[in-house]
Amino acid sequence: MLVTKDLCYQYSNSQPLCFPNLECEKGGSILILGPSGSGKTTLLHLLGGLIRPTNGQIMLKNIDLASLSDKNLDLFRGQNIGIIFQKPHFIRSLTVWENLLLAAALAGNKPNKKRISSLLERLNIVHKLHILTDQLSLGEQQRVAIARALVNEPKLILADEPTSALDDKNGAEVAELLDEESKRLEAALLIVTHDNRLQTKFKKTITLAPSEKSGNL
Amino acid sequence: MNFFYLSRKNLSSKPLSTFLSLMLFALGISLITILLLLNDQFQKQFDKNLAGIDLVIGAKGSPLQLILSGMYHLDAPTGNIPITEIQPFLRKNHPLIGEVVPLSLGDSYKGFRIVGTTPDFFELYKGAFQIGQVWTKPMQAVLGFAVAQKLNLKIGDTFQSSHGLKEDDDLIHDGHQPIQIVGILKPSGTVMDQLLLTDFRTVWEVHNKQNSNSSSLEESSIATLASFDDQSITSLLVKLKSRNFQALNFQRNINENTNLQAATPAIEINRLYANIGLGISLLRALAIAIILVSGISIFVSLYNSLKDRKYEMALMRVMGGSRFKLFKLILLEGFTLAVLGWLLGVTIGHLGLEVIANSLESSYKYSISGFILISEEWYILWASILIGILASLVPAIGAARTNIHQTLSEGK
């Protein structure tokens, strides 16, 4: 599903960050560990097509991300990649339900309301649909963020420290949900974290080495 | 989930700054709208009331006053002219004059002006009767449409005229027989709608009772008027046979060699426009300045809200939104503000003019309406949209250039 080769990214005026080759099959998951400054977020943004690598190749669904134009890359990302951040952010003027619909609309999809509803049921947030996202608890917000990342049935799910802002109970729930949903969608799941609690759940791990000269991240 | 909805939500999530921008914009637009409507309606009324009149002859004084009082029934009359002095112009076979209509002004009824004249007046202003007919003798009157409606008068009703042009019970001419209403005119859209018309002898009779019996049998016409050597009237409306060099000489001759003056409506009205034009262009400049400031306020409010929403912009990119989509979204917010502001401004403008019109009408007896749409208002819409788009252009470019990677990393 996801294959990377010789991936490097260079911030201006610093040493290039290079990453080990990754390979993740359908329904598989990889935990990416490493100290801060090792380029975990940079790797995640590279895989999500948010920045383009200075070197190397990313293949998702046998498509080379480098071959897509900016506009097509945006659309490809919307349709095939779901990203979850450490702190969930939303469009504040919209309700939970509207935020989910927006995710579908931006990816150019007609929202399948039945499927979204069952997803929300599994995530246990059905009863909070029509309130603004500010009024949710942090744990609820993270579940809504997961729902948003999954609305378009992505083939690659990227999570950047999804549990580090949560307590043990919520963290365990989020990890469980990510695991279940990625298997259900047969998507590749990549979690970038330094949260040791996750290591018991996800067996396949890659540890990034700290770079000699840390970039600005 | 379409972008109209999203931009509407974004605007309504900041109600105060949206409200401020909207009010400023609407204020400018309503001012411009009122100016345009007033200008348009005044010009139309003035043009209609020109009625092909080439000259107004009256007593010496301000030519503008002569025109305003004689044709537009706005100002006070300039004074009287003895019929002996205007005898030559009343001759049927005058080489230059095509038509004359005499006017005797200075009286009113409940604030509406009474005009003593001959039935030629109706031809001049193309008056048609809704009911009744023209007077057959003095002390009979024909009402303009608006007068009959406002004062709720019918055929057969009578009234006492009052001296002067202001409504004042102390100045009523008592002791004369009441004036009877014999006809009501259809609406003409001219100043005639606001007048009470009567035979020229009526005005003399209410001032000077002796004449009442001797004159009443003769026809209401210029020839009859000419026979009253001892009387005077206020002014003469003149249509010339043609406007040529001779006609110009004719006017100059009156002004230089007689105690009368002759004024040309078009020239005087243009002078009036030139005078009030300064005020109008000042007001217009003010309105444009307000609109520009409101454009800047739209810009600042979008720019600020964009700073707050930087992360949201990055998020939308993550979810598949292209740069162009974000650009469109912000542009749409500016566009929505401008169109709403326009709508609000036009509404306020029209309603405001209607309010102004009511007070104008009670003091000037001119009907102005706030409920008339003119084509220039569409130009204002296009200009508004342009301002909305210009004001949101820079914020929109900013949104399109959001650096996703950097914003997301900082927002952690």
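Higher on the page you've got the structure.
None of these values were measured; they are calculated from a predicted model.

Criteria and thresholds
- Residues numbered from 1 in each chain as written.
- Chains lettered and ligands numbered in written order.
- Predicted model: local features only at pLDDT ≥ 70, side-chain atom pairs only at ≥ 80, totals over all residues.
- Heavy atoms only, no water.
- Salt bridge = Lys/Arg side-chain N within 4 Å of Asp/Glu carboxyl O.
- Helix = DSSP H or I, 4+ residues; strand = E, 2+ residues; numbered from the N terminus.
- Buried < 20%, exposed > 50% of the residue type's maximum accessible area, 1.4 Å probe, protein only.
- 1 Å grid on protein atoms, 1.4 Å probe; cavity = no way out; pocket = protein on both sides within 12 Å on 5 of 7 lines; lining within 4 Å.
- Points joined across faces, edges and corners; volume = space filled by probe spheres on them.
- Nonpolar A, V, L, I, M, F, W, Y, C, P; charged D, E, K, R; others polar.
- Pairing = 2+ DSSP bridges.

Here we take up the pattern of salt bridges. Taken as a whole and assessed by the stated rule, the structure comprises 21 salt bridges over all chains. With a shortest N-O distance of 3.2 Å, Glu312(B) and Arg92(A) are connected by a salt bridge. With Glu312(B) in helix 12 (residues 310-318) and Arg92(A) in the loop between strand 7 (81-84) and helix 3 (96-106), this pair bridges two chains. Arg92(A) sits in the partly exposed class, given a relative accessible area of 39%. In this structure, the salt-bridge partner of Asp308(B) is Lys14(B), at a minimum N-O distance of 3.5 Å. You can see Asp308(B) sitting in helix 11 (residues 265-308) and its partner Lys14(B) sitting in the loop between helix 1 (3-12) and helix 2 (15-50), a full 294 residues away along the chain. The exposure class assigned to Asp308(B) is partly exposed, which follows from its relative accessible area of 47%. With relative accessibility at 30%, the residue Lys14(B) sits in the partly exposed group.

Once that is clear, we can look at empty space enclosed by the protein. To find leftover empty space, one rolls a probe the size of a water molecule over the atoms. Within this structure, the stated rule accounts for four cavities of 30 Å³ or more. As a volume, the largest cavity reaches approximately 130 Å³. What lines the largest cavity is a set of 14 residues, among which Ile81(A), Ile83(A), Arg148(A), Ala149(A) and Met319(B) lie closest to the centre. Put simply, the parts of the chain that give the lining of the largest cavity at least two residues each are helix 2 (70-80), strand 7 and helix 5 (138-150) of chain A together with helix 12 of chain B. Of the residues contributing to the lining of the largest cavity, the split by class is nine nonpolar, three polar and two charged. What the second largest cavity holds in volume is close to 70 Å³.

All names here are of chain B. Across the seven residues of strand 9 (residues 179-185), six count as buried, placing the element largely inside the fold. As paired strands, strand 5 (residues 129-132) and strand 9 are joined by three bridges and run antiparallel to one another. Residue pairing for strand 9: Phe129 is matched across the bridge by Leu185. Here four bridges tie strand 6 (residues 140-143) to strand 9, and the two strands are oriented parallel to one another. Each residue of the ladder has a partner; that of Gln140, found in strand 9, is Gln180. In terms of strand pairing, strand 7 (residues 158-159) meets strand 9 through two bridges, oriented antiparallel. Paired with Phe159 across the bridge in strand 9 is Ile179.

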